[in-house]
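The lines below spell out each chain.
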Amino acid sequence: MAKYIGKRLLYMLLSLWMIVTATFFFMRIAPGNPFASEKKLPPEIEANLNAHFGLDKPWYAQYWEYLVRIVNWDFGPSFKYKSQTVNDLINEGFPVSFLLGMEAIFIAVAVGVLLGIIAALKHNRWPDYTAMIVAVLGISVPSFIMASFLQYFLAIKMGIFPVARWETFMHSVLPAVALASTPMAFIARLTRSSMLEVLANDYIKTAKSKGLSRGVITVKHTIRNALLPVVTYMGPLTAGILTGSFVIERIFGIPGLGAHFVTSINNRDYTVIMGVTVFYSILLLVSILLVDIAYGIIDPRIKLAGGKKGE
Amino acid sequence: MEKLLEVKNLEVSFQTYGGTVKAVRGVSFDLHKGETLAIVGESGSGKSVTSQSIMKLIPMPPGRISGGQILLSGEDIVPKTEKQMEKIRGKEISMIFQDPMTSLNPTMRVGTQIMEVLIKHQNMSKTDAKNRAIELLRLVGIPMPEKRVNQYPHEFSGGMRQRAMIAIALAANPKLLIADEPTTALDVTIQAQILELMKDLQNKMDTSIIFITHDLGVVANVADRVAVMYAGQIVEMGTVDEIFYDPRHPYTWGLLASMPSLENDEKAELAAIPGTPPDLTDPPKGDAFAARNQYALAIDFEEEPPMFQISETHFAKTWLLHPDAPKVEPPEAVKKRMRQLSSTFEKPVVVKEGK
């Protein structure tokens, strides 16, 4: 197991290096630069700024310098926000985005799995149809429309939740729900179909022939096996929620990291683009690794390469 | 001998888009304590549905027991609720399925799957149940049970999985074991071992067995009595000797003639029964086998034959046994094995309704 994780970590470093390299060069190919604005800067000042941020050096020197800095976990100063470093931006924004993301993932998984299970157990009866109508709505309505909808009815009309900003737990409910709606619907459909598949298996009949009650069969024999596809989806889900959150953060005025992800690209804020990309990549790679490890725990048939069975 | 199970006029139907399929149409048989009854028939003859109805395992809906009684130790289980059935399944009656590769839960340890039965029906603690599970695995001939008990089904071979299934089925000492083609998915050497094991355990535990198969070779090996099913009905029933040495129904003749045998000379072609079984959404008038029967009489297409009794234990449902029927010769392959049995009545007797 340790050997397997070590190997995976090595691959993660390799992927990370490829992401950094690709981002670095694509960023430079994109036209414009951090100091381009409507008013043309005098060439002397621009040259000074370039020298200050090291942009006058040849590309390979800049690339090497950047790699060294990343290894030291220093993403450098922001070009746009003069007094802040990229590390500051991440340290401030990430906890907010993380909290929002976790809340959304929790809602998506808990409600989605529950809806899916109910739908499968009441297959082709009204709870099934209701759950699937909810799911279709969730998949087809984009999160930003869902967000405005929630704001209008639950916040403005009924006044249950605050409209926007990031202060108390109540402030986080609406954005989390808006963010969770699409993945929740997807998980519900996924759980339903995989539950139905598992329920048709011979070993469910075996369990029934042992005299086990329906509840025990559902909990001990069905759900666990039906959750495998949901676990698979957790990797892409984390990615979707993290990168998708910038729209929601905008709508609800939340000071998260998602906003920087978009604005930094418009601003050609090189260090912020790189920093946020690297940071998100690490997050993603780690979540994929966790999903793979969870796989082996849920299904004993999946043996992690290099791991000894039963460990 | 004590009657453990009596099935009386059982009718099972399934509601489908194409109409109601009458899968079992008036099946009656009984089973004594410690006895093995084989139910044979081709696919779709209703043998599996009959056996699953005894545990009420058929999915309801679309399935429905539309008539008859199933008496287990004198008590009718047809009207019982699911909750009441949970106390019978696994404890009084248990079942072994055809495919051991898919009938164990792949994500649960084999030991746990055995322990579930013990904890449910014998109120054992976890430790006791685990020790008993190890004992059971040893009983069904799995080496190193202490280690095997913690393993998952994918670490077992097909034959070992079927042994584990047998351990699960026998865990709570059931009175009746239903084996639904337990050896069909196994290769021949393993088949023999599993049959041997089942016979051995039956002697030790005094369990009755209903053995469902389409393999007549297996039947000769394990059964005391045989019921031949066709199109949802029992067409002939008798002891193994009666079915193999004095078969009376043309369908049984067909089955026996299509069985390969070492005595067959190598040039002779293996006989097959022509045609396919009838559509049970709309069962034919008269004898269901008439259309495929080379010995069919005119009356076979008009009126369903009654059950004739040929000896104390031998019954057949064919007009050929009627006193007015012409004498017919069974196929060569069957005639070779025919012999006079001492228990046979002088004349076949029509079984009265309600028997």
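Note that the structure is predicted; figures quoted are calculated from it, not measured.

Caption draft 1: Here's a closer look at the environment of Phe186 of chain A. Residues and elements named next belong to chain A. Within the secondary structure, Phe186 sits in helix 7 (residues 169–199). The spatial distance from the C-alpha of Phe186 to the C-alpha of Val109 is 9.7 Å, given a sequence separation of 77 residues. Once residues lying within four places of it in the same chain are set aside, the contact partners of Phe186 are Ile139 and Tyr233.

Caption draft 2: Quick look at a nonpolar patch on the surface. Residue and element names in this part refer to chain A. There is a patch of nonpolar side chains on the surface, built from Phe149, Tyr152, Phe153, Ile156, Met158, Ile160, Val163, Phe169 and Met170 and spanning about 900 Å² of accessible area. Elements represented by at least two residues in the nonpolar patch include exactly helix 6 (143–157) and helix 7. With four residues, the top contributor of residues to the nonpolar patch is helix 6. Structurally, Ile160 is set in the loop between helix 6 and helix 7.

Caption draft 3: Focus on the UniProt feature "domain: ABC transporter" (unreviewed entry) in chain B. Those places that UniProt annotates as "domain: ABC transporter" (unreviewed entry) correspond, in this numbering, to residues 7–256 of chain B. With 39% helix and 28% strand, residues 7–256 of chain B has end C-alpha atoms that lie 26 Å from one another.

Caption draft 4: Structural detail: the packing of aromatic side chains. One pass over the full model with this rule turns up 16 aromatic pairs over all chains. With a centroid separation of 4.9 Å and an interplanar angle of 55°, the aromatic rings of Phe149 of chain A and Phe153 of chain A are classed as tilted. In this pair, Phe149 of chain A and Phe153 of chain A are both assigned in helix 6, four residues apart and thus about one turn of the helix distant. Its relative accessible area of 36% is what places Phe153 of chain A among the partly exposed residues. On the numbers, 5.0 Å between centres and 75° between planes, the contact of Tyr251 of chain B with Phe289 of chain B is edge-to-face. Of this pair, Tyr251 of chain B sits in helix 10 (residues 250–257) while Phe289 of chain B sits in the loop between helix 10 and strand 11 (308–309); the two residues are 38 residues apart in sequence, bridging distant segments of the chain.

Caption draft 5: The interface of chain A and chain B, seen in detail. At the junction of the two partners, chain A supplies 20 residues and chain B supplies 29 residues. Here chain A and chain B share two salt bridges between them. Among the ionic pairs, Lys220 of chain A bridges to Glu116 of chain B, the shortest N-O distance being 3.7 Å. Here chain A and chain B share 13 residue pairs in polar contact (both at pLDDT 80 or more) between them. Elements that contribute at least two residues to the side of chain A that touches chain B include exactly helix 8 (202–209) and helix 9 (214–226) of chain A.

Caption draft 6: Here's a closer look at the environment of Leu5 of chain B. All names here are of chain B. Along the chain, the position of Leu5 falls in strand 1 (residues 3–16). Here Leu5 falls in the buried class, since its relative accessible area comes to 1%. Taking the C-alpha atoms as reference points, Leu5 and Ser208, separated by 203 residues in sequence, lie 9.2 Å from one another. Those residues in contact with Leu5, other than ones at most four positions away along the chain, are Phe29, Asp30, Leu31, Ile54, Ile70, Leu71, Leu72, Leu176 and Ile210.

Caption draft 7: Geometry of the confidence of the model for chain A. All names here are of chain A. Considering every residue of chain A, the mean pLDDT works out to 84; 95% of them sit at 70 or more. By mean pLDDT, helix 11 (residues 258–267) is the weakest element of chain A at 77, and helix 7 is the strongest at 90. Note on residues 306–311: pLDDT under 50 across the span, and five contacts to partners over four residues away in sequence or across chains.

Caption draft 8: A look at the UniProt feature "transmembrane region" (unreviewed entry) in chain A. All names here are of chain A. According to UniProt, the feature "transmembrane region" (unreviewed entry) maps to residues 9–30, 98–121, 133–156, 168–188, 230–252 and 272–298 in the numbering used here. Along residues 133–156, the helical share is 92% and the strand share 0%, with 26 Å between the first and last C-alpha atoms. Secondary structure over residues 168–188 splits into 95% helix and 0% strand, and the C-alpha atoms at its two ends are 29 Å apart.

Caption draft 9: Focus on the domain arrangement of chain B. Residues and elements named next belong to chain B. According to the domain assignment, chain B contains domain 1 (3–223) and domain 2 (228–263 + 271–350). Spacing between the C-alpha centres of domain 1 and domain 2 amounts to 29 Å. For the pairing of domain 1 and domain 2, the buried interface totals around 1,800 Å² over both sides, and the portion due to carbon and sulfur atoms is 62%. Of all residues in domain 1, the largest losses of buried area upon contact with domain 2 belong to Arg25, Glu42 and Leu216, amounting jointly to 38% of the total for that side. Run the count over domain 1 and domain 2 and you get one salt bridge.

Caption draft 10: Up close: the sheet that holds strand 9 (residues 225–230) of chain B. Residue and element names in this part refer to chain B. Overall, mixed pairing links the nine strands, which are arranged 6-7-8-3-9-10-12-11-13 in an open sheet. The open sheet has two free edges, formed respectively by strand 6 (93–96) and strand 13 (349–350), since each of these has just one partner strand. The pairing of strand 10 (residues 233–239) with strand 12 (residues 315–316) spans two bridges and is classified as antiparallel. The residue bridging Met237 from the neighbouring strand is Phe315, located in strand 12. Its contacts with the sheet put helix 6 (residues 158–170) on strand 6 and strand 7 (176–180), and the angle it makes with strand 6 is roughly 175°. Strands strand 3 (36–40), strand 6, strand 7 and strand 8 (208–213) of the sheet are contacted by helix 7 (residues 188–205), whose axis makes an angle of about 160° with strand 8.

Caption draft 11: A look at the packing of helix 6 of chain B against helix 7 of chain B. All names here are of chain B. Two elements in contact, helix 6 and helix 7, have axes whose closest approach is 10 Å; the angle formed by their N-to-C orientations is 20°. With respect to helix 7, the element helix 6 is oriented roughly parallel. The crossing of helix 6 and helix 7 is right-handed. Taking contact as the criterion, the partners of Gly159, Gln162, Arg163, Ile166 and Leu170 in helix 6 are, on helix 7, Ile190, Gln193, Ile194, Leu197, Met198, Leu201 and Met205. Per-class residue counts for the contact of helix 6 with helix 7 are eight nonpolar, three polar and one charged.

Criteria and thresholds
- Residues numbered from 1 in each chain as written.
- Chains lettered and ligands numbered in written order.
- Predicted model: local features only at pLDDT ≥ 70, side-chain atom pairs only at ≥ 80, totals over all residues.
- Heavy atoms only, no water.
- Helix = DSSP H or I, 4+ residues; strand = E, 2+ residues; numbered from the N terminus.
- Contact = heavy atoms within 4.5 Å.
- Patch = residues over 30% accessible without salt bridge, like charges linked within 9 Å, V, L, I, M, F, W, Y side chains within 5 Å.
- Areas by Shrake-Rupley, 256 points an atom, 1.4 Å probe, with all protein chains shown as cover.
- Salt bridge = Lys/Arg side-chain N within 4 Å of Asp/Glu carboxyl O.
- UniProt positions renumbered as here; feature names shortened; annotations may be inferred.
- Phe/Tyr/Trp six-rings, centres within 6.5 Å; stacked < 30°, edge-to-face > 60°.
- Buried < 20%, exposed > 50% of the residue type's maximum accessible area, 1.4 Å probe, protein only.
- Polar contact = N/O pair within 3.5 Å; in protein donor to acceptor, adjacent residues only side chain to side chain.
- pLDDT = per-residue confidence, 0-100.
- Domains from an automatic or database assignment.
- Buried area = accessible area lost by both parts, 1.4 Å probe.
- Pairing = 2+ DSSP bridges.
- Axes fitted to C-alpha atoms, helices over the stretch in contact; angles between N-to-C directions.
- Parallel < 35°, antiparallel > 145°, perpendicular 65-115°, else oblique.
- Left-handed = near helix turned anticlockwise from the far one by under 90°.
- Nonpolar A, V, L, I, M, F, W, Y, C, P; charged D, E, K, R; others polar.

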